[in-house]
Amino acid sequence: MAGGNMLVDKVMKKYGVPDWVRPYVYAYIRSNPLNAVRRGISFIDVKRKRGRITGNVIELPNSVQFDVSDVMRIVGLFYSGEEESSKIAESWSKELHDYDSKRYAEHFAALSEIEQKHLRAIRNMLEGLGKKSGIETQEVKVLFEKLGSVADWKERIIAYDLILKSSYGSTFGNIFYKVFYPVMPEYMRSFGKAFSSEDAEANWGYEEAKRIIRDGEIETQRLVQLFGDLLPLIGNIINANMDIAAKAGIDKEVSLLRDIAIAYPIYIAKECGADINAEKETAAILETLKRGNKPAKE
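The structure presented is a predicted model; accordingly, all values stated were derived computationally and were not measured.

1. Some thoughts on the confidence of the model for the protein chain
- In this model, the protein chain carries a mean pLDDT of 83, and residues with pLDDT of at least 70 account for 78%.
- Low pLDDT, under 50, characterises residues 293–298; the predicted model gives this stretch 9 contacts beyond four residues in sequence or across chains.

Below is the structure:
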């Protein structure tokens, strides 16, 4: 175990993974001490391997296989998320605002346009694989109804640019891109190009979310409430599709990604000075998810 931890520490240092991630990775290793390190690294260290698409099967460079229909289901979730994100951002951008919130309205207007570019790129990839756009699931619907109900401008920045983008967006977008690019680069190049264009505006929103927390412009109690409202709903979406991971034999790896995705915005808030017990708050959400208890829809 100690040797495995040393190897993981070396890999995490190489890829700039923050220290708070280590306990989650160590727990993953304990679940499969003989193979976890090698298997986990195999998803990111693909070297010259490409993987392949054969019939209805997509095989990653590390030989993990997915049904094409399951991969399209994942893409469909990302498509639905981008579609709902665009609608909410556009709606917020058109709301009445004062001078202080003018920049926020402009930000969401820009994000809505960016999300539309994302939708076109995802749609092109789906059509290239002979599929149509995704169908919104009940879990996705509940998440975006909750997101859309956030009324305060600064809370919207926290909810959209910190919580949604770093948890839902990373899980169903960034990670998907990095894992599947070696298999189907002909479909993913335009996908990656569309998403690279968001850097400046998206980065502004992310940095503004951290500034709001650093400057104490949102009460800790409300910040924790936002985490408690949205993060379990994101976790529910991941859990609702865990059958795909189980079928591919990577449910432990996806559970690790889920745990880190839930923890990320909470630990960022703590690093920005919020008086939050990040470990406790994350553990409470994850325990709820692992018990399979879904938050009640309000």
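2. Here's the deal with the packing of helix H2 (residues 22–31) against helix H12 (residues 251–271)
- Axis separation between H2 and H12 bottoms out at 10 Å; the angle between their running directions is 165°. Of the possible angle classes, the one that applies to H2 and H12 is roughly antiparallel. Relative to H12, H2 is oriented so that their crossing is right-handed. Between H2, through Tyr 24, Val 25, Tyr 28 and Ser 31, and H12, the contact on the second element is made entirely by Lys 252, Glu 253, Leu 256, Asp 259, Ile 260, Ala 263 and Tyr 267.

3. Comments concerning the side chain of Glu 208
- Checked against the element boundaries, Glu 208 lands in helix H9 (residues 199–214).
- Overall, the relative accessible area of 10% leaves Glu 208 in the buried class.
- A polar contact of 2.5 Å, which involves the side chain of Glu 208, links it to the side chain of Tyr 104.
- A distance of 2.8 Å separates the side chain of Glu 208 from the side chain of Arg 211, its partner in a polar contact.
- Those residues in contact with Glu 208 that lie beyond four places of it in its chain are Tyr 104 and Ile 157.

What counts, and at which threshold
Residues numbered from 1 in each chain as written. Predicted model: local features only at pLDDT ≥ 70, side-chain atom pairs only at ≥ 80, totals over all residues. Heavy atoms only, no water. pLDDT = per-residue confidence, 0-100. Contact = heavy atoms within 4.5 Å. Axes fitted to C-alpha atoms, helices over the stretch in contact; angles between N-to-C directions. Helix = DSSP H or I, 4+ residues; strand = E, 2+ residues; numbered from the N terminus. Parallel < 35°, antiparallel > 145°, perpendicular 65-115°, else oblique. Left-handed = near helix turned anticlockwise from the far one by under 90°. Buried < 20%, exposed > 50% of the residue type's maximum accessible area, 1.4 Å probe, protein only. Polar contact = N/O pair within 3.5 Å; in protein donor to acceptor, adjacent residues only side chain to side chain.

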